[in-house]
Amino acid sequence: MQLGIIKTWKEQDFIWCKEKGLDFIECDVNGPAVNVDEYMTHIDELKGYIETYGVGIGAIGRWGPNRIDENGNLVDVELQASFKLIDLIDI
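Residue numbering note: each chain is counted from 1, following its sequence as written. In keeping with the model being predicted, local features are shown solely for residues with a pLDDT of at least 70 and side-chain atom pairs are shown and tallied solely at 80 or more, while totals for entire chains, interfaces and linings include all residues. Hydrogens and water molecules were not included; the side-chain quantities draw on all heavy atoms of the structure.

As for the packing of helix H1 (residues 11–20) against helix H3 (residues 43–53)
Taken N-terminus to C-terminus, the directions of H1 and H3 make an angle of 20 degrees; their axes are 10 Å apart at the nearest point. One element, H1, and the other, H3, form an angle in the roughly parallel class. The two elements H1 and H3 cross, and the hand of that crossing is right-handed. Each of Glu-11, Phe-14, Ile-15 and Lys-18 in H1 lies in contact with H3, whose residues at this interface are Leu-46, Tyr-49, Ile-50 and Tyr-53. Its residues assigned to classes, the contact of H1 with H3 shows six nonpolar, no polar and two charged. Axes here refer to lines fitted to C-alpha atoms; in helices the fit is confined to the stretch in contact. Angles between the N-to-C directions go from 0 to 180 degrees. Here a strand is any run of E in DSSP of at least two residues, a helix any run of H or I of at least four, and the numbering for each starts at the N terminus. An angle below 35 degrees is treated as roughly parallel, one above 145 as roughly antiparallel, one from 65 to 115 as roughly perpendicular, and anything else as oblique. Note: crossing handedness is left-handed where the near helix turns anticlockwise from the far helix by less than a right angle, and right-handed where it turns clockwise. Contacts: residue pairs with any heavy atoms within 4.5 Å of one another. Under the scheme applied here, ten amino acids are nonpolar (Ala, Val, Leu, Ile, Met, Phe, Trp, Tyr, Cys and Pro), four are charged (Asp, Glu, Lys and Arg), and all others, including Gly, are polar.

Below is the structure:
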């Protein structure tokens, strides 16, 4: 069984998880789509932390934004943000 915890993408969180013997971090990227774009700028750092500390990213949570508007239409900017995060989990 693998165990993880919700943390950020910061190096100190990977270090903390390694010291606790945890296998992965769950990163939460909440709020508007713009936060996703900022998060995506850290991909190379994340890859380095995963390799250096042997702690993976087991899940990416996303709470807050509506992907469907009040008329039942998809909110494309939020849908695209979710797709980016889905792709990120495969690093």
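So, the environment of Phe-24
Structurally, the position occupied by Phe-24 is in strand S2 (residues 24–28). Spatially, the C-alpha atoms of Phe-24 and Gln-80 are 25 Å apart, while their sequence positions differ by 56 residues. Ignoring sequence-local partners within four residues, the contact set of Phe-24 consists of Gln-2, Leu-3, Gly-4, Ile-5, Cys-17, Val-55, Gly-56, Ile-57 and Gly-58.

Considering the sheet that holds strand S3 (residues 56–61)
As summarised here, the arrangement of the three strands in space is S1-S2-S3, forming an open sheet in which the pairing is parallel. Each edge of the open sheet carries a strand with a single partner, namely strand S1 (4–7) and S3. Mean inter-strand twist for the sheet, computed between neighbouring axes without regard to direction, equals 30 degrees. The criterion for strand pairing is that DSSP finds at least two bridges linking the strands in question. Relative to S2, S1 runs parallel, the two sharing four bridges. Counted as the bridge partner of Ile-6 is Glu-26 from S2.

Details of the side chain of His-42
Here His-42 shows up in the loop between helix H2 (33–40) and H3. Since its relative accessible area comes to 12%, His-42 is described here as buried. In protein, a polar contact requires one atom able to donate a hydrogen and another able to accept it; more generally it is a pair of N or O atoms within 3.5 Å, and residues adjacent in sequence count only if both atoms are side-chain atoms. Within polar-contact distance, the side chain of His-42 engages the side chain of Glu-45 at 2.8 Å. Note on exposure labels: buried denotes an accessible area under 20% of the residue type's maximum, exposed denotes more than 50%, and partly exposed covers the range between, all computed with a 1.4 Å probe on protein chains only.

Purely geometric numbers; function is a separate question.
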